[in-house]
Structure formats: structure tokens, C-alpha cells
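# Descriptive analysis of the structure
Here is how the chains run, residue by residue.
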2 protein chains.
Amino acid sequence: MTALASDAHRGRNRAGDRDTAVVLGLDVGGSSVKHLLARADSSMSEPPTPLARGRNATPISAPAEALAAIAETIRGDRALARLVLSIPGIVDEENGVVIRSANIPALDGSPLGSQLETALGVPVDVINDGHAAAVAEASWGAGAGIDDVFVLALGTGIAGAHVIDGRVVTGAHGSAGELGHITIDPLGRACSCGRRGCLETIIGAPALRDAWTEVGGRGGPEALFEAFAQGDGAATAIVRRASSALAEAILTLCAVVDPGGIVIGGGLAQAPHHLVTLAERYVRERATFHRVPPIVPATLGGWAGANGTVLTALRRQRVAG
Amino acid sequence: MTALASDAHRGRNRAGDRDTAVVLGLDVGGSSVKHLLARADSSMSEPPTPLARGRNATPISAPAEALAAIAETIRGDRALARLVLSIPGIVDEENGVVIRSANIPALDGSPLGSQLETALGVPVDVINDGHAAAVAEASWGAGAGIDDVFVLALGTGIAGAHVIDGRVVTGAHGSAGELGHITIDPLGRACSCGRRGCLETIIGAPALRDAWTEVGGRGGPEALFEAFAQGDGAATAIVRRASSALAEAILTLCAVVDPGGIVIGGGLAQAPHHLVTLAERYVRERATFHRVPPIVPATLGGWAGANGTVLTALRRQRVAG
């Protein structure tokens, strides 16, 4: 938070009605910006009842100005205490700078935090979208009640975040949690990371799609899971191989990190949770010295990220006093 | 610390001379008990100059009584502020109980901490020997100056401990850091853990000895390293394979944990550090997205554990005020 924004924020709060102060979370995705508005004095022990909830199209040009306009519209005449945005990509969370955005090239390198602080006159934090979803799942979703949770998101890539006491363990260089790049098959396929046989080359959505197409299947992972559920032999082999690879990565995770719970979400982990169920079975069958914690599907779905921005806003609001 | 011991401790300190109060560290190994005695007001920023340093034979029977006698002899007439012991095996550090000791069966299940508190009248902590060595290497050894260090010990087994701000990250069930049981070769040899192809099956001392014997080599790992240094082809193949396996485990560690430094010690990592040097080269050659931190040999050698007991005693003494 810049000194300027902090002063403006305090000035606004003195003038405004503290009882109605709100925090706003914006989950900026590739196609839409989801928003959740909550009272700034909401309890952090469960998801607050939103004062507003919805989505807008993701701005392509002049994103800082467009996001400020979205925030202004949502806040209306309420006293805004803090805004938190989650962005897909690499974020310098300390300084509110988007280093590289996965889907919104116009954001690359932009000091989005300070731009929005200047525009809105309130403290603004910018966080990684995977981290946002992870803290929400850990605190308000499937990991609620466990202090030490590793959250996995299975999609095009595999994202991971270790959440202890509600905070992501980022590692010394901010790049911990890359479970998708554990080597599963040293002789396997080339991975986008430049190595070979990573978990992502077996269980990522493109890998599942390719494997399904190669055996003559039509459609993407959803069709594959449907065929698996109906007992199709080729689909069964693919889903088993993917679940087995995930199980191996989880066993490595248990050996090295020893989390108190594992929550698995993302597009590939939705109900009826075939990959999660099968991977959990393999983990329990193969574990020896490992302390295998509960392995459960995520529960917040596509709103995990937005919940994480609100949770982060509430936490930082408390710390800022 | 029990209430009784705490009272006894305070009473002794009131009566004694605070300026000469000391802390004692005992590193209880399979054959000897190393001791280091230091002033209780020693700086924690570097290893203190020991007031006494030496070793006694490890007691086989009645170990609690024998260890108390050793401590009494070393303290002499000095005011002892705290004793910390490190034990090879599984330790309930919170309660000072030895769950299972690797080399001293008589200690299995014993409430060693409270036994020694009663005998000596001072607070006593019992910690795992690998944790003791790791905090010492991280704070006073090769990791000094780095906040976030993963310490590996290469010996019969492979022990690992992630040390952040001088404290071991133990995991939710106290079993984090088992880098020796990352699967390197899914089709590899059976491991003592019950799985197959773990790092330990390729780089543990017995694995190196077996591989060297199979190609007609004589002697253990030391002879293997000597033959490697002289350019022996078979030795080179074995050392390269072991270093390559270690490099793969380190790449997984960087992807999942992202430490700020990696310190490698233990019997197999002593000067001239062939395994460490080669593994570091492989890691840098193979890294893609990974943030590879400094990878350096340990510097405290066989006294790392004893230093870790003193460091732990000084830290807990500070916390206890």
C-alpha cells in the first residue's frame, strides 16, 4: 500500500460510516471478472454472505482503468475499506505488480496495485489466482478445520499451493508447489517445462485429450470420464494411468512435505471426482512409511478464487487494524 | 518442561551466579555421546567458544541414569540453565519422549526429558539428531546467512530437514523431509521402506557398496570414491548414476519446496565431495523453470549434531526468558 492510498483510505474511513465499510474481491479470469462484496467486519471463520456477487467481461485494453470502473460501480456509495484482485499468472504480491499474466497481455509488467490505489483511494492487493483459490479451499472449503493443507488444481496445468494457517507457503523464490513438474516417467513425453515425463504430461487436460483421441475417442476429458464411468476399456486404461501418476506425486508430497490434508480441485476434479477417488485409493494401497492425510475434492468450485480475494482482504484489513 | 523442573531451575538460578550460567548439549550417537558446554548468554549468530567439548561412550543399560551422571560431571559446579539431547530415532520433541531409538534399544519409549529434569533439576529438551544437525548447518554451518535451507544427510539412509528461520519444518505428522524416499526409478530395486526405486536404493551407502562389489570393487564407498577420482570406468558409472539420482531428487525438491539453499552433509558427502559436485552440475544442466539455489557441502562435519543441541538450548533459553 502506498502512503498516499493509505492516507486517502484513512480520510475516507473517518468521513464514512465504519459500520457499513466493505471489502471487495475481484477474481480476474481469462474471460470474466468475478466479484464478491462483503462487510469489512465479516467473520473469517466461514464465507461471509455476499452483499454483491456477479461477473463482468474481462477488459482487454486499458485493464487498470476498466477494473477501477468495475470496482467503482460495485462499491456504489459504500465505504470501501480494501480491494484485493487475483490474477492468473506471475505476480509480485509484495509490490502489487503483475509480472506476467497468462491471459491478459495488457497487464504484463503493470503496477496494477498502485494504479488502482490511486484511482480508488483505498489499499489494493494483487495476488496470484491459484493462491487465492488455495487459501479459500483451505480455510472455507474442503480444508476447513485442518491447519496445514496442500491444495491441488487439476486443469490444463497442475497448480499446487501449501497453505499453513491460512497462508500460502511460497518458497524462497515464490515458486513452491509445482507438483505438476514432479517426474513420474523418466522416459515419458516432453513437457512444456522443457523436461520429460512430468505429472502434467500424463494428467493435464491436453494430455488426457491426446490420449483419448489416440485411441479413437471423441471430445475432451469430460467425454473420457463419461466413457470411463460406462466401463469403456480404453477410457479405463487412460483414467487409471492418470490417477496412478497423481498418486505417485501425492506419495512424494507426503514424503517431502507431510501435509495435514490434501484438497484436489480444478476442472478435471469435478464431480463425480473419478481421478480423485482413484488416486486416493492408489495412494492408500501404495503407502508404506508415509503418513497419508485426508485426500478430498475441493468444494468451492469456480468461486474459490473470488472467495480467496475476499478472505485475503478481510485478513489484511485485520492486520492493518 | 515439567512444573517441578521449572521451579527447581528458577530456584537454582536465583541462588547461583547468572553470569556463569551454562547450557549443555549432548549428541547421543550409537557409539559415543559428544558434549558441548557453552555460556547461556552466548550469541546465537555464530558457534560459541565451548567451555568444554569431548565425548563419552554411549551407555547401553540404564541410559537415563548414565546420561545424568555424564551431565553432572561436565557441569561440575557451574550453574546449568538447560540441557538439550539429540537422539538418533523418532522423538516426541514436545514431551521429551524417545519413541524409537535407532541404536539404543534401552531408550525406546522412555520419557528421557522428564527423567533428566528430575535428576538434574533443570529444563531438558530431547530432539531428533538429524534435526539437531540440520539447524546447526543451517544457522552456523554452510547455510549461515540463508533464511530457508534444506539440509540433506547422505549416509546409510538419506535424511532431510527443511529449516526456516532456524526451525525445522516438521510437517503435519512430524515426518517431512524424507527425500530419500522420492521414487527415482519406478522399476528399480526394492527399498527398505517397502516401495521400489527410492533415492536411497541408488545413493545410500549400502547401495553404493553393493554396486561397487557387483563390478568387482573392494571396500566400501570410500574405496569407490577413490577409484572414481583415479578415473576407474566402473566407479565412474556408479558415482554418476548416484549423483544423477540425487540431482533428480533435488529438482523435485526445488519444484515442490523451493528452498533458498541446499546443504549436503553426512558420511557420503565429505571432502572431496564428489557426489555433491557432480549432483550440483547435473541439477544446473537439467533445470528448466526451477529456481536452483546454492547447493553446498556441509561444513560442521561430525559435530553438527552437538552444535545443534547447543543452538537449541540457547534458543529455548531465550524464549523461556
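About the thresholds
Residues numbered from 1 in each chain as written. Chains lettered and ligands numbered in written order. Predicted model: local features only at pLDDT ≥ 70, side-chain atom pairs only at ≥ 80, totals over all residues. Heavy atoms only, no water. Helix = DSSP H or I, 4+ residues; strand = E, 2+ residues; numbered from the N terminus. Rg over C-alpha atoms; globule rule 2.2 N^0.38 Å. Buried < 20%, exposed > 50% of the residue type's maximum accessible area, 1.4 Å probe, protein only. Contact = heavy atoms within 4.5 Å. Areas by Shrake-Rupley, 256 points an atom, 1.4 Å probe, with all protein chains shown as cover. Lys, Arg positive; Asp, Glu negative; His and termini not counted. Charge placed at Lys NZ, Arg CZ, Asp CG, Glu CD. Expected span 1.5 Å × (residues − 1). Arc of directions from axis to C-beta. Pairing = 2+ DSSP bridges. Axes fitted to C-alpha atoms, helices over the stretch in contact; angles between N-to-C directions. Buried area = accessible area lost by both parts, 1.4 Å probe. Salt bridge = Lys/Arg side-chain N within 4 Å of Asp/Glu carboxyl O. Polar contact = N/O pair within 3.5 Å; in protein donor to acceptor, adjacent residues only side chain to side chain. Nonpolar A, V, L, I, M, F, W, Y, C, P; charged D, E, K, R; others polar. Least-squares fit on C-alpha atoms with pLDDT ≥ 70 in both. Phe/Tyr/Trp six-rings, centres within 6.5 Å; stacked < 30°, edge-to-face > 60°. Lys NZ or Arg CZ within 6 Å of the ring centre and 35° of its normal. 1 Å grid on protein atoms, 1.4 Å probe; cavity = no way out; pocket = protein on both sides within 12 Å on 5 of 7 lines; lining within 4 Å. Points joined across faces, edges and corners; volume = space filled by probe spheres on them.

As annotated in an unreviewed UniProt entry, chain A is Glucokinase from Microbacterium saperdae.

## Description of the overall build of chain A
In terms of regular secondary structure, chain A is built from 10 helices and 12 strands. Computed over C-alpha atoms, the radius of gyration of chain A comes to 21 Å, within 12% of the 20 Å expected from 2.2 N^0.38 for 321 residues, which places it in the range of a compact globule. For the C-alpha atoms alone, the extent of chain A along its principal axes is close to 65 × 40 × 35 Å. Expressed as a percentage of the 321 residues in chain A, the buried residues total 55%. Partitioning the contacts of chain A with sequence separation of at least 6, the portion at a separation of at least 24 is 63%. Carbon and sulfur atoms make up 50% of the accessible area of chain A, which amounts to about 13400 Å² in all. One finds the centroid of the 27 positive side-chain charges in chain A at a distance of 1 Å from the centroid of its 32 negative side-chain charges.

## What to know about unusual backbone geometry
The amide bond that connects A:Ala271 to the next residue, A:Pro272, takes the cis arrangement and shows omega of 5°. Along the chain, A:Pro272 falls in the loop between strand 11 (261-265) and helix 9 (274-286). Positive phi values are uncommon outside glycine, yet B:Asp165 reaches one of about 50°. Mapped onto the elements of the fold, B:Asp165 is located in the loop between strand 9 (158-164) and strand 10 (167-168). Residue B:Asp165 is classed as exposed on the basis of its relative accessible area, which comes to 52%. For B:His273, which is not glycine, the phi torsion reads 55° and is therefore positive.

## Structural notes on helix 2 (residues 63-75) of chain B
All names here are of chain B. Spanning 13 residues, helix 2 covers 18 Å between terminal C-alpha atoms, matching the ideal 18 Å at 1.5 Å per step. Where helix 2 is concerned, the buried positions are Pro63, Ala64, Leu67, Ala68, Ile70, Ala71, Ile74 and Arg75. An end-on view of helix 2 places all buried positions within 160° of arc, on one side of the element. Of the exposed residues in helix 2, those oriented more than 90 degrees away from the buried face are Glu65 and Thr73. Looking one or two residues beyond helix 2, the residue adopting positive phi is Gly76, at roughly 60°.

## Considering the environment of B:Thr236
Residue and element names in this part refer to chain B. Residue placement: Thr236 occurs in helix 8 (residues 233-256). Judged by relative accessible area, which is 13%, Thr236 ranks as buried. Each C-alpha atom of the pair Thr236 and Cys191 lies 23 Å from the other, and the pair is 45 residues apart in sequence. Discounting residues that sit within four places of it in the chain, Thr236 has contacts with Phe228 and Gly231.

## What about the sheet that holds strand 11 (residues 261-265) of chain B?
Residue and element names in this part refer to chain B. Pairing in this open sheet of five strands is mixed, and the strands run 10-9-8-11-12 from one edge to the other. Both edges of this open sheet fall to strand 10 and strand 12 (295-297), since each of them pairs with a single strand only. Each of strand 8 (148-154), strand 9, strand 10 and strand 11 is contacted by helix 4 (residues 129-140), which is oriented at about 50° to strand 9, the strand it contacts most. Helix 9 (residues 274-286) contacts strand 8, strand 11 and strand 12 of the sheet and is inclined by roughly 180° relative to strand 12.

## Structural notes on the interface of chain B and chain A
Counting residues at the interface gives 36 residues for chain B, matched by 36 residues for chain A. Summed over both partners, the interface of chain B with chain A comes to about 2600 Å²; 58% of that surface belongs to carbon and sulfur atoms. Of all residues in chain B, B:His173, B:Arg195 and B:Val256 give up the largest surface area on contact with chain A, accounting jointly for 24% of the area buried on that side. The interface formed by chain B and chain A includes two salt bridges. Measuring nitrogen to oxygen at the nearest pair gives 2.7 Å for the salt bridge that ties A:Glu248 to B:Arg195. The tally of links between chain B and chain A comes to 20 residue pairs in polar contact (both at pLDDT 80 or more). Per element, the largest residue contribution to the side of chain B that touches chain A is seven residues, and it comes from helix 8 of chain B. Its residues placed into classes, the side of chain B that touches chain A shows 16 nonpolar, 13 polar and seven charged.

## Brief notes about the side chain of A:Thr309
Residue and element names in this part refer to chain A. Turning to its location among the elements, Thr309 is positioned in helix 10 (residues 304-320). For Thr309, a relative accessible area of 0% puts it in the buried group. Every residue in contact with Thr309, bar those within four places of it in the chain, is listed here: Gly25, Leu26, Val84, Leu85, Ser86 and Ala132.

## Brief notes about the relation of the copies chain B and chain A
Relative to chain A, chain B is turned by 180° and slid 0.0 Å along the rotation axis, the superposed coordinates differing by an RMSD of 0.0 Å. One copy is carried onto the other by what is essentially a two-fold rotation axis. Within chain B, the C-alpha atom positioned nearest to the axis of rotation is that of B:Val257, 3.9 Å from it. Of the interface residues in chain B, 100% have counterparts in chain A that sit at the interface too, so the contact is made through matching surfaces.

## Re the packing of aromatic side chains
Residue and element names in this part refer to chain B. Per the counting criterion, the structure on display carries zero aromatic pairs over all chains. Lying across the ring of Trp303, Lys34 places its NZ or CZ 5.8 Å from the centre. Lying across the ring of Tyr282, Arg286 places its NZ or CZ 4.8 Å from the centre.

## Some remarks on the sheet that holds strand 8 (residues 148-154) of chain A
Residue and element names in this part refer to chain A. Pairing within the open sheet is mixed, and its five strands lie in the order 10-9-8-11-12. Looking at the sheet topology across the chains shown, the edges are occupied by strand 10 (167-168) and strand 12 (295-297). Here strand 8 runs beside strand 9 (residues 158-164); their pairing, made up of seven bridges, is antiparallel. Bridging from a neighbouring strand, Asp148 pairs with Ile164 of strand 9.

## So, empty space enclosed by the protein
Evaluation of the coordinates by the stated rule reveals one cavity of 30 Å³ or more. The volume enclosed by the largest cavity comes to roughly 40 Å³. As for the largest cavity, its lining consists of A:Thr252, A:Leu253, A:Val256, A:Val257, B:Leu179, B:Ile182, B:Thr252, B:Leu253 and B:Val256. If you list the elements that add at least two residues to the lining of the largest cavity, you get helix 8 (233-256) of chain A together with helix 8 of chain B. When the residues that make up the lining of the largest cavity are grouped by side-chain class, the tally is seven nonpolar, two polar and no charged.

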